[in-house]
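Analysis of the macromolecular model
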Amino acid sequence: MSSSFGLDARLTAYVRDANRAETPAQQRCRLETDAMGDVAVMQISPEQGAFLQLCARLVQARTAVEIGVFTGYSALATMLAMRGIHGPVARLYGCDISDDYTGRARSYWREAGIDDQIELRIGDARETLTKLVGEIAGRVDMVFIDADKTGYDAYYEAALLLLRPGGLVLFDNVLWSGSVADPDRCAADADTAALKALADKIRDDARVDMAFTTIGDGILMAIKRA
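Let me sum up the structure you'll find in this document. (Residues numbered from 1 in each chain as written. Predicted model: local features only at pLDDT ≥ 70, side-chain atom pairs only at ≥ 80, totals over all residues. Heavy atoms only, no water.)

A closer look at the overall build of the protein chain
The criterion, for reference: Helix and strand assignments follow DSSP, with helices taken as H or I runs no shorter than four residues and strands as E runs no shorter than two, numbered in order from the N terminus. Both definitions apply: the radius of gyration is a C-alpha atom measure, and the globule rule equals 2.2 Å times residues to the power 0.38. Burial classes follow relative accessibility: with a 1.4 Å probe on protein chains only, a residue under 20% of its type's maximum area counts as buried, one over 50% as exposed, and anything between as partly exposed. Note on contacts: a residue pair qualifies if any of its non-hydrogen atoms lie within 4.5 Å across the two residues.
Helix and strand content of the protein chain: nine helices and seven strands. Compactness check: the protein chain gives a C-alpha radius of gyration of 16 Å against a globular reference of 17 Å for 226 residues, within 12% of the reference. Along the first, second and third principal axes, the C-alpha set of the protein chain runs to 45 × 45 × 30 Å. Looking at the 226 residues of the protein chain, the share that counts as buried comes to 50%. Pairs at least 24 apart in sequence give 73% of the contacts found in the protein chain among residues at least 6 apart.

See the structure below:
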């Protein structure tokens, strides 16, 4: 599981205790993913899950898209909030390349009673997003992106087509453990360079209002202007 950049264990525990308790399905997802070893770092932290839920409520999200599902914690958190607002008509489209990881995700979604409200699209996200744009362009309230970093720019452009005016897109890992502030790392590593370029692009993009935050490993947020 990822942790908030710059927080020691004591502060991390404090922040998590200060948020509302996870549901049993969220807790099982987190603990079982933690037990998977190094790959567990791809799972968002509980405080990021709480943040996503609040974002969903702020934009009154009824339709959401997630790029990079992994074992399903972020989709679970988001859909629980959306269902609380809109009931059974809320819908989340999840894009991922792994049947294995998303197979685990389905079990947590079933436990929470929301599996029938999440539609998985397995395959290259550029292709699945192109199809989604053809189906629901301009009707999405919220997009969460936590996938391959060199694809972030393409996913951003697709998100702007999917989102309604006032819709919200969020990118995870934009601090990349601090590497984005190191010019040498930006020059040597494609992922770091892509994240730095995206941050610069969104900062100067007149199509959105934005904020770069230090939640988790950095979450970059942008709201689509009318």
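After presenting the structure, the write-up continues.
Describing the side chain of Asp172
As a reminder, the rule being used: Residues scored as charged are limited to Lys and Arg (positive) and Asp and Glu (negative), so that His and the chain ends carry no count. Salt bridge, as used here: a side-chain nitrogen of Lys or Arg that lies within 4 Å of a carboxyl oxygen of Asp or Glu.
Tracing the backbone through its elements, the reader meets Asp172 in strand S5 (residues 163-172). It is Lys149 that comes nearest to the buried, bridge-free Asp172 among opposite-charge side chains, at 5.9 Å. Residue contacts for Asp172: discarding those within four places in its chain leaves Ile44, Gln48, Phe144, Ile145, Asp146, Lys149, Tyr152, Gly218 and Ile219.

Re unusual backbone geometry
In this structure, Gln60 is a non-glycine residue whose phi angle is positive, near 50°. Position of Gln60 relative to the elements: it lies in the loop between helix H3 (46-58) and strand S1 (63-67). Despite not being glycine, Phe70 shows a phi value in the positive range, around 55°. Along the chain, Phe70 turns up in the loop between S1 and helix H4 (73-86). On the basis of relative accessibility, which here comes to 7%, the residue Phe70 falls in the buried class.

Any link to function would need more than the numbers given here.
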